[in-house]
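Single-letter residue listing:
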Amino acid sequence: MWNAKDFCDAESGFDYVFSKMNAIYGATFANHWRDVDPNLIRQVWIDECGRGLTYRPKMDYALQHMNPDRPPSALAFKKLLNDGPRIPDKPETLITRQPTLHEKIATEKAKTEALAKLRELTK
């Protein structure tokens, strides 16, 4: 089911994933990226993982299914994202709300009263 709280932008998704992996792998994770430009890492991961970094349940699935011994590459994490739950489409309202019987009666009553006042004012 679609829930707005499950979604974020890819930048926030990247930060979420890397924060979790840093907590999971500790020093191994930090050393894994030691000699690589952080901006390049961010850009490559966002490009590779794309829309998968915008849906929290998909990211959580990937984080839960990582190899416990070593951090994944961007391509390995993309595969884990793709194996996760499908990103739901935002639902569109197809049925418009119809007034209830009580609302119709109240509207008709207000309309009748307004027309009566209008007749009095125009006499």
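For the structure itself, look to the data block above.
To start, this report covers the structure provided alongside it. (Residues numbered from 1 in each chain as written. Predicted model: local features only at pLDDT ≥ 70, side-chain atom pairs only at ≥ 80, totals over all residues. Heavy atoms only, no water.)

1. Topic: the nonpolar core
- Of all hydrophobic cores here, the largest spans 22 residues; its most connected members are V17, F18, M21, W45, L53 and F77.
- Among the secondary structure elements, those contributing two or more residues to this core are α1 (10-25), α3 (38-49), α4 (56-64) and α5 (74-83).
- Top contributing element to this core by residue count: α1, with seven residues. (Core = buried A, V, L, I, M, F, W, Y, C linked by side-chain atoms within 4.5 Å. Buried < 20%, exposed > 50% of the residue type's maximum accessible area, 1.4 Å probe, protein only. Helix = DSSP H or I, 4+ residues; strand = E, 2+ residues; numbered from the N terminus.)

2. What to know about the side chain of K58
- Along the chain, K58 turns up in helix α4.
- Every residue in contact with K58, bar those within four places of it in the chain, is listed here: G52, L81, N82, G84, P85 and I87. (Contact = heavy atoms within 4.5 Å.)

3. Here we look at α4
- For α4, the set of buried residues is K58, M59, A62 and L63. The arc that holds the buried residues of α4, viewed along the axis, is 135°, so those residues lie on one side.
- Those residues of α4 that are buried lie in contact with α1 and α5. (Arc of directions from axis to C-beta.)

4. A short note on the packing of α1 against α3
- Contact geometry for α1 and α3: axes closest at 10 Å, N-to-C directions at 110°. The angle between the axes of α1 and α3 places the two elements in the roughly perpendicular class. Read as a crossing pair, α1 and α3 show a hand that is right-handed. In contact with A10, E11, F14, D15, V17, F18 and M21 of α1, α3 contributes I41, R42, W45 and I46.
- Across the contact of α1 with α3, the residue classes tally to eight nonpolar, no polar and three charged. (Axes fitted to C-alpha atoms, helices over the stretch in contact; angles between N-to-C directions. Parallel < 35°, antiparallel > 145°, perpendicular 65-115°, else oblique. Left-handed = near helix turned anticlockwise from the far one by under 90°. Nonpolar A, V, L, I, M, F, W, Y, C, P; charged D, E, K, R; others polar.)

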